[in-house]
Amino acid sequence: MQVFKAALRVVLRHPLYLLVYAVFLSFMGVLMASSLPFGEAEDAEFVGHRTRFSVIDRDGSDLSQGLAAFLGERGEEVPLEDTPIALQDAVAKGQSGYVVIVPEGFGQALMDAAATGGDVPELETVYSYYSLEGNLMDQEVNEYLGVARAYAGLLPDASQADVAAHAGETMASSASVGTVQLGGGSSEAQRFVFYLDWGTYTLFASIIVCVGLLMGTINRTDLHRRNLVSPVPSLTYNLQVAAAALLVMAAVWLWAVGLGLVVFSESVAQIGGFALALMLVLTFAFATVPLSIGFLLGQLGVGEFASNAIGNIAGMVVSFLGGVWISFDLLDPAVQTVAHFSPAYWYTSALQKAVELEAPTPEALGPILGDMGVLLLFTAAIFAIALVIGRVRVQSAEAGGNAAASRS
């Protein structure tokens, strides 16, 4: 077991990698999952956001007053002086999210435009470019003025007060709002699912870096040549190296999963026993993919810094394609097509199906086991490539040794 112990010592001599990639990223996943409002929407009542706004009314007409009253129903009015400095400070200091200035004669100008078909006079508005609330309120104001102009055009004899009242009544109509729970299982159970989804980055980065470091160290050319002439049989040597890499993967997996089970115990309690066991098996199957990539990097002779870069980049890419950073449904169709070639897509898809599992029937288990099979195919394909590369390296080393012996 000397090779096995030596391989483990390589990883243990770099504890910072385990601390940063396994421990830190896992706790980051805990914070992310804990901050999401799973389980709160079922009992919460929908409350519309009320924007802080200000109206500078230089017109004083019934229509401008109706506009101010309309905005008052959708936000909170902030009194504001009609001075340049006050207008600038209102938005710059966050006192008001939306400022509208009604010019003198605006009400009558709108009525005349409706009667003659001319252009509607423009309002001067001020709102911050980095906040959407001002932009959304500006759209509501434009819609209000559009309704007012249409009504004034249909009834030329209507007064500004009548036009303002009609526009306010029309804009008061709104669709009913409710909350809808997406997916199966309880909302609280989705918190643990999200943590496991986030684990795609944790598992990929930590396992690739640690296993890549292990394999890259023992596969250095000088060390590899000494191992070829050692009394340890080649099969025994390879099995011990594989066991060490597998132990590193299992330790990272056990830490990530165990932390989630402890921290999100309430979420886990909402998941059936069989479904939970299936989710853990899925996570283990997914962890074999970065294990095979780390093994491949070692066979390629990739160094420590390159393993770090590849682990981070691969973790971020597969997490993105798996719908961890952005909901998969929001991705471009072309990106969704590419995501099918990523193991994270099949992993996150299988996790969601597992948490929705009500009974372990063949019809329900089939898609989940199919996704797991795809994950294992990823692992097998990458391992096969790594073995071929390793065999080529062995043959090259043997050829180099024979050539050196013939020259001597």
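Procedures and definitions
Along each chain, the written sequence defines residue order, and numbers are assigned to residues from 1. Residues qualify for local features only when their pLDDT is at least 70, as the model is predicted, and side-chain atom pairs are given and counted only at 80 or more; totals for whole chains, interfaces and linings, by contrast, use all residues. Where side-chain values are given, they derive from all heavy atoms of the structure, hydrogens and water being excluded. Only Phe, Tyr and Trp rings are paired, with Trp represented by its six-membered ring, and only when their centres lie within 6.5 Å; those with planes under 30 degrees apart are stacked, over 60 edge-to-face, the remainder tilted. Helix and strand assignments follow DSSP, with helices taken as H or I runs no shorter than four residues and strands as E runs no shorter than two, numbered in order from the N terminus. The buried label goes to any residue with under 20% of its type's maximum accessible area, the exposed label to any with over 50%, and the partly exposed label to all in between, with areas taken from a 1.4 Å probe on protein chains only. With a 1 Å grid laid over protein atoms only, a set of points is called a cavity when a 1.4 Å probe fits there but cannot get out and a pocket when it is open yet has protein on both sides within 12 Å along at least five of seven lines; lining residues have an atom within 4 Å of a point. Grid points are joined across faces, edges and corners, and a volume is the space filled by probe spheres set on the points. Working definition of a nonpolar core: buried Ala, Val, Leu, Ile, Met, Phe, Trp, Tyr and Cys residues. They are joined through side-chain atoms within 4.5 Å. Here, strands pair whenever DSSP counts at least two bridges between them. Interaxial angle, 0 to 180 degrees, is taken between N-to-C directions of lines fitted to C-alpha atoms, where a helix line uses only the stretch in contact. Throughout, a residue-residue contact means that at least one pair of heavy atoms, one from each residue, lies within 4.5 Å. Salt bridges are defined as contacts in which a side-chain nitrogen from Lys or Arg sits within 4 Å of a carboxyl oxygen from Asp or Glu. Like-charged residues are merged into a patch within 9 Å and nonpolar side chains (Val, Leu, Ile, Met, Phe, Trp, Tyr) within 5 Å, provided each residue has over 30% relative accessible area and no salt bridge. Shrake-Rupley sampling with a 1.4 Å probe provides the accessible areas, and residues are treated as covered by the protein chains on show and by no other component.

## Some details on the packing of aromatic side chains
Any pair of aromatic rings gets described here by the distance separating the centres and the angle formed by the planes.
Part 1 of the argument: As enumerated under the stated definition, the model contains 10 aromatic pairs in all.
Part 2 of the argument: With a centroid separation of 5.5 Å and an interplanar angle of 40°, the aromatic rings of Phe204 and Phe286 are classed as tilted. Taken together, the positions of Phe204 in helix 8 (residues 189–218) and Phe286 in helix 12 (residues 273–300) put the pair 82 residues apart, joining distant regions of the chain.
Part 3 of the argument: The exposure class assigned to Phe286 is buried, which follows from its relative accessible area of 0%.
Part 4 of the argument: Summarising the aromatic geometry, the rings of Phe286 and Tyr347 are spaced 4.3 Å apart at their centres and angled 15° between planes, so their arrangement reads as stacked. With a gap of 61 residues between them, Phe286 in helix 12 and Tyr347 in helix 15 (residues 343–355) connect regions that are remote in the sequence.
Part 5 of the argument: You can call Tyr347 buried: its relative accessible area is 0%.
Part 6 of the argument: Taken together, the aromatic side chains of Phe204, Phe286 and Tyr347 make up a single cluster linked through ring pairs.

## Looking at empty space enclosed by the protein
Part 1 of the argument: Taken as a whole and judged by the stated rule, the model has 1 cavity of 30 Å³ or more.
Part 2 of the argument: In this structure, the largest cavity spans a volume of roughly 50 Å³.
Part 3 of the argument: Lining the largest cavity, in full, are Tyr195, Leu196, Gly199, Leu203, Ala256, Val257, Thr283 and Tyr347.
Part 4 of the argument: Among the secondary structure elements, those contributing two or more residues to the lining of the largest cavity are helix 8 and helix 10 (234–263).

## Describing the nonpolar core
Part 1 of the argument: By size, the foremost hydrophobic cluster in this structure holds 71 residues, and its most contacted members are Phe192, Tyr195, Ile207, Leu214, Ile271 and Met279.
Part 2 of the argument: Only helix 1 (2–12), helix 2 (15–35), helix 8, helix 10, helix 12, helix 15 and helix 16 (362–407) provide two or more residues apiece to this core.
Part 3 of the argument: At 19 residues, the largest contribution of residues to this core is made by helix 8.
Part 4 of the argument: Grouped together as the second largest cluster of nonpolar side chains are 27 residues, Val102, Phe106, Leu123 and Met171 included.

## Here's the deal with the pairing of strand 3 (residues 98–102)
For a regular strand, side chains alternate in direction, first toward one face of the sheet and then toward the other.
Part 1 of the argument: Burial analysis of strand 3 places 5 of its 5 residues in the buried class, which makes it a mostly covered element.
Part 2 of the argument: Here 5 bridges tie strand 1 (residues 51–57) to strand 3, and the two strands are oriented parallel to one another. Bridge pairing in strand 3 places Asp57 opposite Val102.
Part 3 of the argument: As judged from the 3 bridges shared by strand 3 and strand 4 (residues 124–126), these two strands associate in the antiparallel manner. Its bridge partner being in strand 4, Val100 is matched across the sheet by Thr125.

## Quick word on the sheet that holds strand 4
Strand pairs in the sheet, formed through backbone hydrogen bonds, run parallel or antiparallel to each other.
Part 1 of the argument: Spatially, 4 strands are ordered 2-1-3-4 in an open sheet, and the strand pairing comes out mixed. Two strands lie at the open edges of the sheet, namely strand 2 (75–77) and strand 4, each paired on one side alone. With direction set aside, neighbouring strand axes in the sheet form an average angle of 25°.
Part 2 of the argument: Sitting on the sheet, helix 3 (residues 62–72) touches strand 1, strand 2 and strand 3, and the angle it makes with strand 1 is about 170°.
Part 3 of the argument: Where helix 6 (residues 132–154) meets the sheet, its contacts fall on strand 1, strand 3 and strand 4, and the angle it forms with strand 3 comes to roughly 35°.

## Section: the pattern of salt bridges
Part 1 of the argument: Under the defined criterion, the tally for this structure stands at 4 salt bridges.
Part 2 of the argument: Taking the shortest distance from any N to any O, the salt bridge between Arg74 and Glu140 comes out at 3.6 Å. Placement of the pair is Arg74 in the loop between helix 3 and strand 2 and Glu140 in helix 6, with a sequence separation of 66 residues.
Part 3 of the argument: One network of salt bridges, in which partners are shared, links Glu73, Arg74 and Glu140.

## Some details on the environment of Leu261
Part 1 of the argument: Tracing the chain through its elements places Leu261 in helix 10.
Part 2 of the argument: Along the backbone, Leu261 and Tyr195 are 66 residues apart, and their C-alpha atoms lie at a distance of 10.0 Å.
Part 3 of the argument: Excluding residues within four positions of it along the chain, Leu261 makes contact with Phe192, Val268, Leu276 and Leu280.

## Quick notes on helix 3
Part 1 of the argument: Considered for burial, the residues of helix 3 that qualify are Leu63, Ser64, Gly66, Leu67, Ala68, Phe70 and Leu71.
Part 2 of the argument: Summarising the contacts, the buried residues of helix 3 are in contact with strand 1, strand 2, strand 3, helix 5 (106–116), helix 6 and helix 7 (160–172).

## So, a nonpolar patch on the surface
Part 1 of the argument: A surface patch of nonpolar side chains, about 570 Å² in accessible area, is lined by Ile313, Met316, Val317, Trp325, Ile326 and Leu330.
Part 2 of the argument: Within the secondary structure, Met316 is located in helix 13 (residues 304–321).
Part 3 of the argument: The class for Met316 is partly exposed, based on a relative accessible area of 41%.

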